[in-house]
Amino acid sequence: MQTIMEKLEWQKINCLQDKIRIMLPKEWERPSNEILEKKFPYRTKPQEVFADLQENRIITCSLLDKPLQESQIYPAITEIQRVIVHIYPESIKEQAKIFTITSGKAGFFSFITGGITEDYCNNIFILSIDEKMMIGNYCLPIGQLQEGRKILMDILNSIEIKRESKENGIFRHNYNGASKKI
């Protein structure tokens, strides 16, 4: 039986000022400014937004200037969940947890919000990148949750973090072990 990753065509995308590389389904793209304004009508917007507008799926991520070590991921994700519960009582679909992905540890929880035509599931995730917090949200209609969750796990497992190291005076960029000279 084929996995979601094997069924879909994927594209590699460098984002967050080239700090990470992720794989997204081929049909996902950066939305237009008009769509961004409609989806995020507030002053502070996510740094990266990709969407499959046909399926009403959207993923965002931002690299914050907030310190976050890998050992702090679980306390951080539970605190973010606590804030969401305060705003949307009884909305939690999946409680905060931590799990291992290819690039390290990730924190995760999900909550449900109402929509005009159907409810949506917001899947919040955090990672530590250069000891800074990367926070993201994968939002999709509740009716697509089963397949959508598999896609999210494939996306999270595809994350490669750019790490710089200096060897013999030459900087190298390392995305999870794949080093190259610059």
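Everything numeric in this text was worked out from a predicted model, so none of it was measured. (Residues numbered from 1 in each chain as written. Predicted model: local features only at pLDDT ≥ 70, side-chain atom pairs only at ≥ 80, totals over all residues. Heavy atoms only, no water.)

**Digging into the overall build of the protein**
Right, on to step 1. Counting secondary structure elements, the protein contains four helices and 11 strands.
Right, on to step 2. For the protein, the residues scored as buried account for 45% of the 182 residues in total.
Right, on to step 3. By sequence separation, contacts in the protein at least 24 residues apart represent 46% of the contacts at least 6 residues apart.
Right, on to step 4. If you sum the accessible surface of the protein, you get close to 10,800 Å²; carbon and sulfur atoms cover 49% of it. (Helix = DSSP H or I, 4+ residues; strand = E, 2+ residues; numbered from the N terminus. Buried < 20%, exposed > 50% of the residue type's maximum accessible area, 1.4 Å probe, protein only. Contact = heavy atoms within 4.5 Å. Areas by Shrake-Rupley, 256 points an atom, 1.4 Å probe, with all protein chains shown as cover.)

**Some details on the packing of aromatic side chains**
Right, on to step 1. Tallied over the full model, the rule gives five aromatic pairs.
Right, on to step 2. Measuring from centroid to centroid gives 6.2 Å for Phe 99 and Phe 108, while their planes differ by 70°, and the two rings are edge-to-face. As far as burial versus exposure is concerned, Phe 99 and Phe 108 are alike and both buried.
Right, on to step 3. What links up through ring pairs into an aromatic cluster is the set Tyr 88, Phe 109 and Phe 111. (Phe/Tyr/Trp six-rings, centres within 6.5 Å; stacked < 30°, edge-to-face > 60°.)

**Structural notes on the sheet that holds strand β4 (residues 57-67)**
Right, on to step 1. Reading across the sheet, the six strands line up as β3-β4-β8-β7-β6-β5 and stay open at both edges, with antiparallel pairing between neighbours. Single-partner strands in this sheet number two, and they are β3 (48-52) and β5 (92-101). Strand-to-strand twist across the sheet, computed as the mean angle between neighbouring axes with direction ignored, equals 15°.
Right, on to step 2. Note: strand β6 (residues 104-113) against strand β7 (residues 120-129), seven bridges, orientation antiparallel. (Pairing = 2+ DSSP bridges. Axes fitted to C-alpha atoms, helices over the stretch in contact; angles between N-to-C directions.)

**A few points about the nonpolar core**
Right, on to step 1. Formed by 29 residues in total, the largest nonpolar core has its most connected members in Ile 20, Leu 24, Ile 59, Met 134, Tyr 138 and Ile 159.
Right, on to step 2. At the level of elements, β1 (10-15), β2 (20-25), β4, β5, β6, β7, β8 (132-141) and α4 (145-158) are the ones that each hand at least two residues to this core.
Right, on to step 3. Listed in part, the 12 residues of the second largest apolar core include Ile 77, Ile 80, Phe 109 and Phe 111. (Core = buried A, V, L, I, M, F, W, Y, C linked by side-chain atoms within 4.5 Å.)

**Details of a nonpolar patch on the surface**
Right, on to step 1. Together, Val 83, Ile 87 and Tyr 88 make up an exposed nonpolar region whose accessible area comes to about 280 Å².
Right, on to step 2. Mapped onto the fold, Val 83 is located in helix α3 (residues 73-87). (Patch = residues over 30% accessible without salt bridge, like charges linked within 9 Å, V, L, I, M, F, W, Y side chains within 5 Å. Salt bridge = Lys/Arg side-chain N within 4 Å of Asp/Glu carboxyl O.)

**What to know about the environment of Glu 34**
Right, on to step 1. Its location among the elements puts Glu 34 in helix α2 (residues 33-39).
Right, on to step 2. A polar contact of 3.2 Å, which involves the side chain of Glu 34, links it to the side chain of Ser 32. (Polar contact = N/O pair within 3.5 Å; in protein donor to acceptor, adjacent residues only side chain to side chain.)

**Quick notes on unusual backbone geometry**
Right, on to step 1. One non-glycine residue with positive phi stands out, namely Glu 90, at about 60°.
Right, on to step 2. Looking at where Glu 90 falls in the secondary structure, it is placed in the loop between α3 and β5.
Right, on to step 3. Phi is positive for Glu 131, which is not a glycine, with a value near 60°.
Right, on to step 4. If you trace the backbone, Glu 131 turns up in the loop between β7 and β8.

**Looking at the environment of Glu 94**
Right, on to step 1. Of note, Glu 94 is situated in strand β5.
Right, on to step 2. The spacing of Glu 94 and Ser 110 is 16 residues in sequence and 5.0 Å in space, taken between C-alpha atoms.
Right, on to step 3. Each residue touching Glu 94, except ones within four places of it in the same chain, is listed here: Gln 81, Phe 108, Phe 109, Ser 110 and Arg 149.
Right, on to step 4. Here the side chain of Glu 94 touches Lys 97 through a polar contact of 2.7 Å, side chain to side chain.

**Focus: the pattern of salt bridges**
Right, on to step 1. Here the structure, examined in full by the defined rule, presents nine salt bridges.
Right, on to step 2. Of the charged contacts in the structure, one is a salt bridge between Lys 132 and Asp 65, with a shortest N-O distance of 3.4 Å. Taken together, the residues span a long stretch of sequence, with Lys 132 in strand β8 and Asp 65 in strand β4 at a distance of 67 residues.
Right, on to step 3. Using a relative accessible area of 29% as the deciding quantity, one classes Lys 132 as partly exposed.
Right, on to step 4. Linking Glu 79 and Arg 82 is a salt bridge whose minimum nitrogen-to-oxygen distance equals 2.5 Å. In this pair, Glu 79 and Arg 82 both sit in helix α3, three residues apart, roughly one turn of the helix.
Right, on to step 5. With relative accessibility at 47%, the residue Arg 82 sits in the partly exposed group.
Right, on to step 6. One network of salt bridges, with partners in common, ties together Glu 94, Lys 97 and Arg 149.

By themselves, these are just geometric observations and shouldn't be taken as functional.
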